[in-house]
Amino acid sequence: QVHVVESGGGLVQAGGSLRLSCTASGRTFNSYVMGWFRQAPGKEREFVAGIRGSGSTYYADSVKGRFTISRDNAKNTVYLQMNSLKPEDTAVYYCAAGPSFIAPMEARRYDYWGQGTQVTVSS
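Below is a short write-up of the structure. Note that the coordinates shown come from a computational prediction; the quantities given were computed from them, not determined experimentally.

**Some remarks on the overall build of the protein**
Each helix and strand in the protein was counted, giving zero helices and eleven strands. Element order for the protein, N to C, with α for helix and β for strand: β-β-β-β-β-β-β-β-β-β-β. The principal-axis extent of the C-alpha atoms belonging to the protein is close to 40 × 30 × 25 Å. Within the protein, counting contacts between residues at least 6 apart in sequence, those at least 24 apart form 57% of the total. Working note: accessible area of the protein is about 6,200 Å², and carbon and sulfur atoms make up 47% of it. Treating the 13 positive side-chain charges of the protein as one cloud and the 9 negative ones as another, the clouds have centres 5 Å apart.

Structure, rendered in structure tokens:
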């Protein structure tokens, strides 16, 4: 069993920045695909960013150039640096861990999910 915990959400003005963190238990963290997803009220959960153990990164078009995903395998932690935030980025952000072979943008392929952290961007 892998335990996933997010932190770092909050309230920020449009144009501001936040950094989300996610820790995942397990001895093989460096092999996990780690992903960030978000869900706004009344909308389906959507892919935000993903990163493989190798460091390869993937982004949704809506966040390219503004968000950066990174990982520190020594700390079993993945980060999501969010810059130039917009009101439409407001959502609950979820971190997920999955096996190394999955496509990072496919939510259904992840095995473990955190409880989510709220990000609110005011206009």
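Next comes the rest of the write-up.
**Describing the state of the cysteines**
A covalent bond between the sulfur atoms of two cysteines is what we call a disulfide. Here the structure, examined in full by the defined rule, presents one disulfide. A disulfide bridge connects C22 with C95, and the sulfur atoms are separated by 2.1 Å. In this structure, the disulfide formed by C22 and C95 twists by about -80° around the S-S bond and is classed as left-handed. Linking C22 in strand 3 (residues 18-24) with C95 in strand 9 (residues 91-98), this pair joins segments that are 73 residues apart in sequence. For the residue pair C22 and C95, the accessibility class agrees, reading buried in each case.

**Some remarks on the sheet that holds strand 1 (residues 4-7)**
Sheets are built from strands paired through backbone hydrogen bonds, the pairs being either parallel or antiparallel. Strand order in the open sheet made by the four strands is 1-3-8-7, with antiparallel pairing throughout. Each of the sheet's edge strands pairs with one partner strand only, and the pair in question is strand 1 and strand 7 (67-72). The sheet shows a mean angle of 15° between the axes of neighbouring strands, taken without regard to direction. Judged from the four bridges that link them, strand 1 and strand 3 form a sheet pairing that is antiparallel. Counted as the bridge partner of E6 is C22 from strand 3.

**Observations concerning the nonpolar core**
Core analysis: the largest hydrophobic core is formed by 35 residues, its most contacted members being M34, W36, L80, M82 and Y93. Elements with a contribution of two residues or more to this core: strand 3, strand 4 (33-39), strand 5 (46-51), strand 7, strand 8 (77-82), strand 9 and strand 11 (117-122).

Basis of the calculations
- Residues numbered from 1 in each chain as written.
- Predicted model: local features only at pLDDT ≥ 70, side-chain atom pairs only at ≥ 80, totals over all residues.
- Heavy atoms only, no water.
- Helix = DSSP H or I, 4+ residues; strand = E, 2+ residues; numbered from the N terminus.
- Contact = heavy atoms within 4.5 Å.
- Areas by Shrake-Rupley, 256 points an atom, 1.4 Å probe, with all protein chains shown as cover.
- Lys, Arg positive; Asp, Glu negative; His and termini not counted.
- Charge placed at Lys NZ, Arg CZ, Asp CG, Glu CD.
- Disulfide = S-S within 2.5 Å.
- Buried < 20%, exposed > 50% of the residue type's maximum accessible area, 1.4 Å probe, protein only.
- Pairing = 2+ DSSP bridges.
- Axes fitted to C-alpha atoms, helices over the stretch in contact; angles between N-to-C directions.
- Core = buried A, V, L, I, M, F, W, Y, C linked by side-chain atoms within 4.5 Å.

These figures capture arrangement, not role.
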